[in-house]
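Understanding the architecture of this molecule
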Amino acid sequence: MKYVFVTGGVVSSLGKGITAGSLGRLLKDRGYRVSMQKCDPYYNVDPGLLSPLQHGEAFITEDGIAADLDLGHYERFIDENLRGEASVTTGKIHKTMMERELRGEYKGGTVQVIPHVTNEIKTRIKSAAMNSGAEIAIIEIGGTVGDMESSPFMEAIRQMKWELGERDVCFVHVTLLPYIAAAGELKTKPTQHSVQALRSIGIQPDVVVCRSEVDISVEAKGKIALFCNVKSSHVIQNSDAETLYDVPLMLEREGFADVVCKVLDLPKREADSSEWRRIAEQFKNPARKLNIALVGKYVVLHDAYLSVVEALTHAGIDHRASVKITWIQSDMLTDDNAAEKLSGFDGIIIPGGYGQSGAEGIITACRYAREHRRPCLMIGYGMQLGVVEAVRSLLGEKQANSTEVDEHANPAVVKIPADRPADSRQSRMGAHPIHLMEGCIQEIYGSCDISERHGNRYEIATEFAAPLAEHGFLFTGTSPDGKYLEAFEVTDHPFYIGVIAHPEFKSRPNRAHPLFSAFIQASMK
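Residues numbered from 1 in each chain as written. Predicted model: local features only at pLDDT ≥ 70, side-chain atom pairs only at ≥ 80, totals over all residues. Heavy atoms only, no water.

On to the overall build of the protein. Within the protein, the regular secondary structure consists of 18 helices and 23 strands. Since a compact globule built from 525 residues should have a radius of gyration of about 24 Å, the 25 Å found for the protein is in line with a globular shape. Considering the protein as a whole, with its 525 residues, one finds that 57% of them fall into the buried category. Considering only residue pairs separated by 6 or more positions, the protein has 74% of its internal contacts joining residues 24 or more positions apart. With an accessible surface of roughly 21,700 Å², the protein has 49% of that area assigned to carbon and sulfur atoms. Charged side chains in the protein number 57 positive and 69 negative. The centres of these two groups are separated by 5 Å. (Helix = DSSP H or I, 4+ residues; strand = E, 2+ residues; numbered from the N terminus. Rg over C-alpha atoms; globule rule 2.2 N^0.38 Å. Buried < 20%, exposed > 50% of the residue type's maximum accessible area, 1.4 Å probe, protein only. Contact = heavy atoms within 4.5 Å. Areas by Shrake-Rupley, 256 points an atom, 1.4 Å probe, with all protein chains shown as cover. Lys, Arg positive; Asp, Glu negative; His and termini not counted. Charge placed at Lys NZ, Arg CZ, Asp CG, Glu CD.)

Here we take up the side chain of H173. With respect to the helices and strands, H173 occurs in strand β7 (residues 169-176). At 2.8 Å, the side chain of H173 and the side chain of T7 are in polar contact. In contact with H173, other than residues within four places in its own chain, are T7, G8, G9, V145, S194, V195, L198, P205, V207, V208 and V209. (Polar contact = N/O pair within 3.5 Å; in protein donor to acceptor, adjacent residues only side chain to side chain.)

Before going further, it helps to spend a moment on the sheet that holds strand β6 (residues 136-141). Read from one edge to the other, the open sheet built from 7 strands follows the order β5-β2-β6-β1-β7-β10-β11, with strand pairing classed as parallel. Both outer strands of the open sheet, β5 (87-89) and β11 (235-239), are each paired with one neighbouring strand and no more. Pairs of neighbouring strands in the sheet enclose a mean axial angle of 20°, with direction left out of account. Looking at chain direction, strand β2 (residues 34-40) and β6 are connected through 6 bridges and run parallel. From the neighbouring strand, C39 faces β6, where its bridge partner is I141. Running over the sheet, helix α3 (residues 70-78) touches β2, β5 and β6 and is turned about 170° from β2. (Pairing = 2+ DSSP bridges. Axes fitted to C-alpha atoms, helices over the stretch in contact; angles between N-to-C directions.)

A separate point is the environment of V145. Position of V145 among the secondary structure elements: in the loop between β6 and α6 (151-164). Given the relative accessible area of 11%, V145 is considered buried. Distance from V145 to F171, taken between C-alpha atoms, is 13 Å for residues 26 residues apart in sequence.

In space, the 3 strands of this open sheet follow the order β16-β17-β20, with mixed pairing throughout. Looking along the sheet, the strands with just one partner apiece sit at the ends: β16 (401-402) and β20 (459-460). Pairing of strand β17 (residues 412-415) with β20, which is carried by 2 bridges, proceeds in the antiparallel orientation. Bridged to K415 within β20 is E459. Contacts from helix α15 (residues 381-395) reach β16, β17 and β20 within the one sheet, and its direction differs from that of β17 by about 170°.

Mapped onto the elements, F59 comes out in strand β3 (residues 59-60). Judged by its relative accessible area of 0%, F59 is buried. When the C-alpha positions of F59 and G316 are compared, they lie 22 Å apart, and in sequence the two are 257 residues distant. Every residue in contact with F59, bar those within four places of it in the chain, is listed here: I65, A66, A67, D68, L69, L71, G72, E75, R76, S307, R453 and F505.

On to the packing of helix α5 (residues 113-132) against α6, then. The contact between α5 and α6 brings their axes to 9 Å, and the two run at 70°. The orientation of α5 with respect to α6, classified from their angle, is roughly perpendicular. Crossing geometry of α5 relative to α6 is assigned as right-handed. For the pair α5 and α6, contact is made by V113, I114, V117, T118, I121, K122, I125 and K126 and by P152, F153, E155, A156, I157, Q159, M160 and E163, respectively. Across the contact of α5 with α6, the residue classes tally to 10 nonpolar, 2 polar and 4 charged. (Parallel < 35°, antiparallel > 145°, perpendicular 65-115°, else oblique. Left-handed = near helix turned anticlockwise from the far one by under 90°. Nonpolar A, V, L, I, M, F, W, Y, C, P; charged D, E, K, R; others polar.)

Such coordinate-based values are descriptive only and should not be taken to indicate function.
Right, dumping it as structure tokens:
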């Protein structure tokens, strides 16, 4: 097993995750089996409980773990499903150790950062790598070198280099080269200081990836190499790219993957990046443009819906269409302004969320799309409120609601099932099977039995299925045992579909999710 550790310096938000994912893509293009992992220094045990307005979306894995959104980047770049163990936080590490201590497993010994915390980190890194069946494990260390919070992770990976050997571990350090426009110069000093901080804790980077907004000269690369104690060929330029999909191709031209393979003593292989080049080419040369309205609760931070946006982009690539998204805050949407805000769009998408705020605006958007025959895809929380809207409008139950929005809702269209304790956070998480009956959704998937990732505590009350069906509002997707309603469609409508699962998590640049592809196709008509 070979390990590549990606660290960051100078500032945060440099795109370590994109750099790591791009490396994974390039190694996979060379025929290597690759796995990825993210180590976050924050103390939260469950990233799924973090506010979307702080950290963006919580990405859900096949085995039902809510994780950092970088895992979504990893899956989309390397086209592999990652397990929950690919997400490590300081909170998870400390929780495990405290439970061990309370069980007496430390036998009264003093529990310390070294060796106990660092050993637990190393165990989780090695275990995830081995369980993946990969040849190369790429691990991103969150935060910035010098941060107090990430110190145990830095110490753990330092130890791994010497325990496993120099040819089995590669350190990649991502830094910023600021461009001073007034002087017309790139400044290397911040990168020098960042590497100096890394070397002060015993880590000598093997590769330095430099983020910059302009090209890096040969002289600048030589200066970085000299002061950072690396070869000039190991200083990799990662300039601002026109699109996300250009990054792996740009890093390939820089020889990034070949340098990493050389450090790891792996045979040099020719890369087949034809598929990724096709993706980038189709993205940059669309045949037409689409305007899609995204109605949501957290639109002030676009990363809150990152996977939805990526899935729309993938579907656009699939149909050679450029997808322009207009972000609409749901709590600003009312019956009085719905026509003004939602008319003129080719399609409307209503993604997930939770809680009370903005719910009525989402219901308004669902009503507008249904009554005005506008292509509309509703996901998770959006799907649940789409059912609420139908019960209100089609069945005349004006007080209908979800108990997540109104705990005294009568009738309660969406609620926590009786066998699921209301005072717990028990949810249906991860991949669950879905049975599709004859209809539009079954045609889209091309199968009657599918699997999608879930992340919901609340379920649709089944007693509303039959009366809604009389109005052409059909629940054509259920759990195999019929216990849960999974998906609906409206018969006399170009495209009005809701799913309680989250198909966006399974979309890939090279393989658009069929639901998103069908939604974009309907929006093109």
